[in-house]
Amino acid sequence: MATTAWSQDKHLSSVNLAMSAQQRKDLQAFRNRLPIFSVKGHLLTEIQKVKTAIIIGETGSGKTTQIPQYLYERGLISKQIAVTQPRRVAAISLAQRVATELGVNVGGKVGYCVRFEDVTSPETKIKFMTDGMMLRETLLDPLLKRYSVIILDEAHERTVQTDILFGVVKAAQRKRTEQGHHPLKVFYTAQTQSDYMFASIVTLFQLHKENPDRGDVLIFLTGQDEIDAAVKMIRSVARDLDHSLPRITVYPLYAALPSHQQLKVFEPAPQGVRKVVVSTNIAETSVTISGIKYVIDSGRVKAKVYNPNSGLDLLRVVQASKDQCIQRMGRAGREEPGTCYRLFTEREFERFRDNTMPEIQRSNLASVVLQLLGLGITRVFDFDFIDPPSEELLSSALIELQQLGAVEGIPDADLTPLGKQMLAYPLVPRLAKVLLLASTHGCLEEILTIVSMLSVDSVMVNPTNKKDEAQAARDKFMSSEGDHITLLNIFRAHKAAKSSKQFCQCNFLNGRNLSTATSVRKQLRDICTRQGLEVTSCGRTTTSVRKCLAAGFFMSAAQLQKEGEYLTLASNEPVSIHPSSALARSKPAVVIYTELVKTTKCYMRDVSVVDPSWLTEAATDYFRRKRLGHVNT
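About the cut-offs
- Residues numbered from 1 in each chain as written.
- Predicted model: local features only at pLDDT ≥ 70, side-chain atom pairs only at ≥ 80, totals over all residues.
- Heavy atoms only, no water.
- Domains from an automatic or database assignment.
- Buried < 20%, exposed > 50% of the residue type's maximum accessible area, 1.4 Å probe, protein only.
- Helix = DSSP H or I, 4+ residues; strand = E, 2+ residues; numbered from the N terminus.
- Pairing = 2+ DSSP bridges.
- Phe/Tyr/Trp six-rings, centres within 6.5 Å; stacked < 30°, edge-to-face > 60°.
- Lys NZ or Arg CZ within 6 Å of the ring centre and 35° of its normal.
- Core = buried A, V, L, I, M, F, W, Y, C linked by side-chain atoms within 4.5 Å.
- pLDDT = per-residue confidence, 0-100.
- Contact = heavy atoms within 4.5 Å.
- Lys, Arg positive; Asp, Glu negative; His and termini not counted.
- Salt bridge = Lys/Arg side-chain N within 4 Å of Asp/Glu carboxyl O.
- Polar contact = N/O pair within 3.5 Å; in protein donor to acceptor, adjacent residues only side chain to side chain.
- Axes fitted to C-alpha atoms, helices over the stretch in contact; angles between N-to-C directions.

A. Examining the domain arrangement of the protein chain more closely. One can read the domain layout of the protein chain as domain 1 (21-175), domain 2 (196-353), domain 3 (360-424) and domain 4 (429-624). One C-alpha centre belongs to domain 1, the other to domain 2; they are set 37 Å apart.

Listed below in C-alpha cells is the structure:
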C-alpha cells in the first residue's frame, strides 16, 4: 500500500517539479507575502531559546506550512520534524503543498503518514501525520527518538487524541532531557556569602587545585562591570599559580560584548589548559558551551524592577529563581558527569521563588497600558492578564501617561491626540513624546539618532585590560552637555567614517550595535515621514535637543544638593552620576537621566544637563503637586 501511494504521489509531484522559473518565482513571492514571513527571524530566535513554544496566529498566516520549512532551511534539526493534524485530508494536502514549495517530491524530504498510508522514506525530514498515527508511534518508541521537533497543530480544537498527545509528548520530552544529562553533584555553602563575586573566585581556584585534571568552568555573575572585574581578578591570580597546575584561560560573556569576543567562549581550550567562562544569565538557556564540567552559581541575576510608589525603574541585582538555578546547574552535565557549586545555603535556596517573576509584574507598564487603550480597552484594571500586575503598577502607568499628556480621565482613560500619535512608534511613551516634540523644535534628525542609540545595547566596548585606553580613545566624543549628545557625536562620526570596522576598532565601539542603531533610526524616520512630521536638523546647537529630552524625562530628573549628592525630584531618592558618564567629573545643578542602576549605590546612566525652567515648563502641574516648583540653579 505504501509503495503504491509512493509511486502515485511521486508522479503527481513531478508535475510540481516541472514548474517554470516564473511559477517558482511567483510561489516564493507568495511565501514572502504571508504574515509569518515578517517575523521569521524573531520567531526562530525565540524557538531556539525554549524547549516548548506556543505559537498563535490568524488563519492563513502561514504557521502550518512555513514553520517546518523555516526550521529545516535554518538547519535547526538533526532528525525529523513531525507535524500532527487532527484530520487525514489535512495531513496529505499539507505535505503536498510544502513539497511543492520546497520543489521536492512527496515522500522525499517531505512526506506524510496517515492510517493505511505511509508516504515517507529514509530521507524524509518534514513529516505530516494524523494525531492517531503519532500516538501509535509512541507505543513502539515512547521517547519519539526519530524526531528533533514535534509540532502539534490545531491544538485549540482539543480533540481527545490531541489532549493525550500533549501528555505523551511532554513525558517524552522530560525523559529525553533526563537521559541526555550525565550525573550531577550539587554543593551548597555552609554559610551565607556576603560577597558572592569574591566567593565565586575562591571557589574556582579551590576546585582548580582539587580537580586539576580536566573540565572547563562556567561562573554565573550578574552584569558587565561585575564580570569584567572578576575576569581581571582571575587573570591576576592565575599568573601566580603553582606551575604544577594547568594554566587557566578566562573569557567574559554578556550581551554587549562584540561578536568576535563572544565567539571565543565556544573555542576549545588548548591541551592542558582549563577554560573559564564568566557569564550573565545569557548562558542559562540561550547558548550552549561545550566542555563545561563545573558550574559556579552566584544565585543572583540583574533585573529591572519598577517601584510604582517612588516611580523608580531600577536595574538591580536580585535573587535568581529556583528554575534559573536548575537551568544553570544543567549546563554542567551535558557531556560528562558534572558538579554545580551553589554560593548560597540550601535553606536559602528553599526560600527562592519557584519561577522568575513575570516581567509584567515588575515593570513600568506605561507602554502596555498605552497599547491597551489603543485597542479600545479603556478599563485596563478589568483586562484578563495571564499574570495580573498589581493595581499599583496599573495606576502608576495611567498617571504617567496622564502626566505625559497621552491620556485624560482616570481610571476610565481616553487617549488624547498626542497619545494616539504616540501609538505609531515602537517606543516607550517617554521617548515617543520626545520624538514628537522634536519635530516642532527643529531637531528631529538629532533626536532620531539619540532615540535609536538608546534603543540598542551599549555601543561602548571596555576591554578588561584596556579600559583607560578605551576611555581616552572616546574622549573626543564626550560632550559637556551630557551623554545623549555624546551618543549623537559618536553616531555622526561613525556615519562619516570611511571604514566602519576600522573606526570601531580604533575607538572601542561595538560595530554590530551601531549598525542596529542605524537600522532602528531608518525605521523610526520612515514612521515620522508617514506621520507627516517635518524632519529637520538643529545643526551643532543642541540646546533644543536637551529641551525635548527634559519634556519627556521630567519624571527622571535629579537636583544637586549642598552636600554634593543628587536627589531625584520625583521621590527625593539619593542618586549619583555613573562613573562612565560624560558628566562624571562635573556637578551640574539639575540633570535628567534615562536609566537607574543599583550596585553599591544608585547610579544615573545616560545623563544630560537641563535648565530647571525647562522642567517646570514641561510639567507645571506635576511639580506643583510634588511641591517642587522652586528649583534652584
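B. The arrangement of the pairing of strand β7 (residues 216-220) in detail. Burial runs high along β7: 5 of the 5 residues are buried. As defined by bridge partners, β7 adjoins strand β10 (residues 292-297) across 5 bridges and the pair is classed as parallel. Across the sheet, residue Val217 finds its bridge partner in β10, namely Tyr294.

C. Molecular detail of the packing of aromatic side chains. Per the stated rule, a full pass over the model turns up 9 aromatic pairs. Look at Phe554 and Tyr622: their rings are 5.3 Å apart centre to centre, the planes differ by 65°, and that puts the pair in the edge-to-face class. Of the two residues, Phe554 sits in the loop between α23 (543-552) and β16 (557-560) while Tyr622 sits in helix α25 (residues 620-625), which places them 68 residues apart along the sequence. In this structure, Phe554 and Tyr622 share a single accessibility class: buried. Three or more aromatic residues link up through ring pairs in this structure, and these residues are Tyr188, Phe344, Phe349 and Phe352. Just above the ring of Phe349 sits the side chain of Arg342; from NZ or CZ to the centre is 4.5 Å.

D. Here's a closer look at the nonpolar core. Judged by nonpolar contacts, the single largest core of 59 residues is most densely connected at Val369, Tyr425, Leu435, Ile447 and Leu615. No other element matches helix α17 (residues 429-440), which puts 6 residues into this core. Taken domain by domain, this core gets at least three of its residues from each of domain 3 (360-424) and domain 4 (429-624). In this structure, Tyr196, Ile201, Ile219 and Ile234 belong to the second largest nonpolar core, which totals 28 residues.

E. Summary view of the confidence of the model for the protein chain. On average, residues of the protein chain carry a pLDDT of 88, and 94% of them reach 70 or more. For residues 1-17, every residue scores under 50 in pLDDT, and the model assigns this stretch 24 contacts once sequence neighbours within four places are set aside.

F. Spotlight on the side chain of Lys275. Looking at where Lys275 falls in the secondary structure, it is placed in strand β9 (residues 273-279). Of the side chains with opposite charge, Asp216 lies nearest to the buried Lys275, which makes no salt bridge, at 4.3 Å. Looking at Lys275, its side chain comes within polar contact range of the main-chain oxygen of Val265, at 2.7 Å. A polar contact is formed between the side chain of Lys275 and the backbone oxygen of Glu267, at a distance of 3.0 Å. Discounting chain neighbours no more than four positions away, the residues touching Lys275 are Asp216, Val217, Thr249, Tyr251, Val265, Phe266, Glu267, Pro268, Ala269, Ile289 and Ser290.

G. The sheet that holds strand β6 (residues 184-188), seen in detail. Read across the sheet, 6 strands follow the order β6-β13-β10-β7-β9-β8 without closing on themselves; strand pairing throughout is parallel. Both edges of this open sheet fall to β6 and β8 (247-253), since each of them pairs with a single strand only. Recorded for the sheet is a direction-independent mean angle of 15° between the axes of neighbouring strands. As paired strands, β6 and strand β13 (residues 338-342) are joined by 5 bridges and run parallel to one another. Bridge assignment links Leu184 to a residue of β13, and that residue is Gly338.

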